[in-house]
Amino acid sequence: MHITKAQLDELAREHLEKARLAPHGRSAHAVLNDGRLRHTLLALTGGAVLNDHTKPEAATLLVLEGAVTVRWDAGEQTVLHGGLFVLPDAVHRVTAEEPAAFLLTTIAG
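Okay, so let's go over this structure. (Residues numbered from 1 in each chain as written. Predicted model: local features only at pLDDT ≥ 70, side-chain atom pairs only at ≥ 80, totals over all residues. Heavy atoms only, no water.)

### Thoughts on the sheet that holds strand β5 (residues 67-72)
Overall, antiparallel pairing links the 4 strands, which are arranged β3-β8-β5-β6 in an open sheet. At either end of the open sheet lies a strand with only one pairing partner, and these are β3 (49-53) and β6 (75-80). Going across the sheet, the axis of each strand differs from the next one's by a mean of 15°, ignoring polarity. (Pairing = 2+ DSSP bridges. Helix = DSSP H or I, 4+ residues; strand = E, 2+ residues; numbered from the N terminus. Axes fitted to C-alpha atoms, helices over the stretch in contact; angles between N-to-C directions.)

### Observations concerning the layout of surface pockets
In this structure, the largest pocket spans a volume of roughly 170 Å³. Forming the boundary of the largest pocket are Lys-5, Leu-8, Asp-9, Ala-12, Arg-13, Leu-62, Val-63, Leu-64, Glu-65, His-81 and Gly-82. Broken down by secondary-structure element, the contributors of at least two residues to the lining of the largest pocket are α1 (5-21) and β4 (58-65). With 5 residues, the top contributor of residues to the lining of the largest pocket is α1. Residue composition of the lining of the largest pocket, by class: 5 nonpolar, 2 polar and 4 charged. (1 Å grid on protein atoms, 1.4 Å probe; cavity = no way out; pocket = protein on both sides within 12 Å on 5 of 7 lines; lining within 4 Å. Points joined across faces, edges and corners; volume = space filled by probe spheres on them. Nonpolar A, V, L, I, M, F, W, Y, C, P; charged D, E, K, R; others polar.)

### As for the pattern of salt bridges
Side chains that differ in charge, positive against negative, can pair when their charged atoms come close. Per the counting criterion, the structure on display carries 9 salt bridges. Notably, a salt bridge pairs Asp-89 with Lys-55, separated by 3.0 Å at the nearest N-O pair. Here the residue Asp-89 occupies a position in the loop between β7 (84-86) and β8 (92-96), and Lys-55 occupies one in the loop between β3 and β4, the gap between them amounting to 34 residues. Ionic contacts of the salt-bridge type, sharing partners, join the residues Arg-71, Glu-76 and Glu-97 into one network. (Salt bridge = Lys/Arg side-chain N within 4 Å of Asp/Glu carboxyl O.)

### Regarding α1
Between its first and last C-alpha, α1 extends 25 Å over 17 residues, near the 24 Å set by a 1.5 Å rise per residue. Here the buried face of α1 lies against β1 (26-34), β2 (37-44), β4 and β9 (100-107). (Expected span 1.5 Å × (residues − 1). Contact = heavy atoms within 4.5 Å.)

### Regarding the environment of His-2
Inspection of the secondary structure assignment puts His-2 in the segment before α1. Residue classification places His-2 among the exposed residues on the basis of a relative accessible area of 62%. (Buried < 20%, exposed > 50% of the residue type's maximum accessible area, 1.4 Å probe, protein only.)

Below is the structure:
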């Protein structure tokens, strides 16, 4: 399957609206799967948090809109629109600094 940038942009807008209406301020959509490789779009309202969790075998996030901050015991990294970040091998959390949508790419166990 092929997803265009325009389709990703539309999914981001759609899920930002769903996040705005959701009680916890977030929405997610499975975009592509290929064996163990997963691409998931996540949208968060400003200030929404994905609480502490561990990273799967491998994971990156690509910010499609807004900005997010990833925090873990050893540090933090703010990732702006267009930024690509390798998630740390540590328990971490993600906070939307403003309404944000990002593509999470993981290798699932």
